[in-house]
Amino acid sequence: MNRHNFPFFALAIGACFALLVAIGMQESNGRTVLPLFTLLAICEFCFFVTAIGAAIKAKQLHETGTSPSQVLTVVALLLMSAGYVSTGIALWPA
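What you are looking at is a predicted structure, and each value in this text was computed from that prediction instead of being measured.

Cut-offs applied
- Residues numbered from 1 in each chain as written.
- Predicted model: local features only at pLDDT ≥ 70, side-chain atom pairs only at ≥ 80, totals over all residues.
- Heavy atoms only, no water.
- pLDDT = per-residue confidence, 0-100.
- Helix = DSSP H or I, 4+ residues; strand = E, 2+ residues; numbered from the N terminus.
- Axes fitted to C-alpha atoms, helices over the stretch in contact; angles between N-to-C directions.
- Left-handed = near helix turned anticlockwise from the far one by under 90°.
- Contact = heavy atoms within 4.5 Å.
- Nonpolar A, V, L, I, M, F, W, Y, C, P; charged D, E, K, R; others polar.
- Buried < 20%, exposed > 50% of the residue type's maximum accessible area, 1.4 Å probe, protein only.
- Polar contact = N/O pair within 3.5 Å; in protein donor to acceptor, adjacent residues only side chain to side chain.
- Core = buried A, V, L, I, M, F, W, Y, C linked by side-chain atoms within 4.5 Å.

Caption draft 1: The arrangement of the confidence of the model for the chain in detail. Predicted confidence across the chain gives a mean pLDDT of 93, with 100% of residues reaching 70 or more. Within the chain, helix H1 (residues 6–24) carries the highest mean pLDDT (96), whereas strand E1 (residues 27–28) carries the lowest (83).

Caption draft 2: How the structure looks around the packing of H1 against helix H3 (residues 68–91). Close contact between H1 and H3 brings their axes to 10 Å; oriented N to C, the two are set at 35 degrees. Relative to H3, H1 is oriented so that their crossing is left-handed. On the side of H1, the interface is formed by Pro-7, Phe-8, Ala-10, Leu-11, Gly-14, Ala-15, Phe-17, Ala-18 and Val-21, while H3 contributes Thr-73, Ala-76, Leu-77, Met-80, Tyr-84 and Thr-87. Of the residues belonging to the contact of H1 with H3, the class tally is 12 nonpolar, 3 polar and no charged.

Caption draft 3: Here's a closer look at the side chain of Thr-50. Relative to the helices and strands, Thr-50 is located in helix H2 (residues 36–64). Residue classification places Thr-50 among the buried residues on the basis of a relative accessible area of 0%. At 3.2 Å, the side chain of Thr-50 forms a polar contact with the backbone oxygen of Phe-47.

Caption draft 4: Molecular detail of the nonpolar core. Residues Val-21, Leu-39, Leu-40, Ile-42, Cys-43, Cys-46, Tyr-84 and Leu-91 constitute the largest nonpolar core, which totals 8 residues. Elements that contribute at least two residues to this core include exactly H2 and H3. Of the residues forming this core, the biggest block, 5 residues, is contributed by H2. With residues near it in sequence (within four places) discarded, Tyr-84 still touches Gly-14, Phe-17, Ala-18, Val-21, Cys-43, Cys-46, Phe-47 and Thr-50. Judged by nonpolar contacts, the second largest core, of 6 residues, contains Phe-6, Ala-10, Ala-54 and Leu-77.

This is the structure:
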């Protein structure tokens, strides 16, 4: 894997783990399906992966010029990164 492919890899990893977090957050008997620490660790890991992917893709956009698909990739990675931050904060016990 090289830097050219990493943003797409980050997008795929982020989407797969988003499903895992969505399933793991479901409550049964007042407890989440996955342990809280696991959910927080997944959110933190995916935040960094998607943020780094967005940064790399934004740098590539700056160097090579823009196209709609590349801009969409950056926006999707940024939204996913923000979603992981907000989910992690929402999961954190008060």
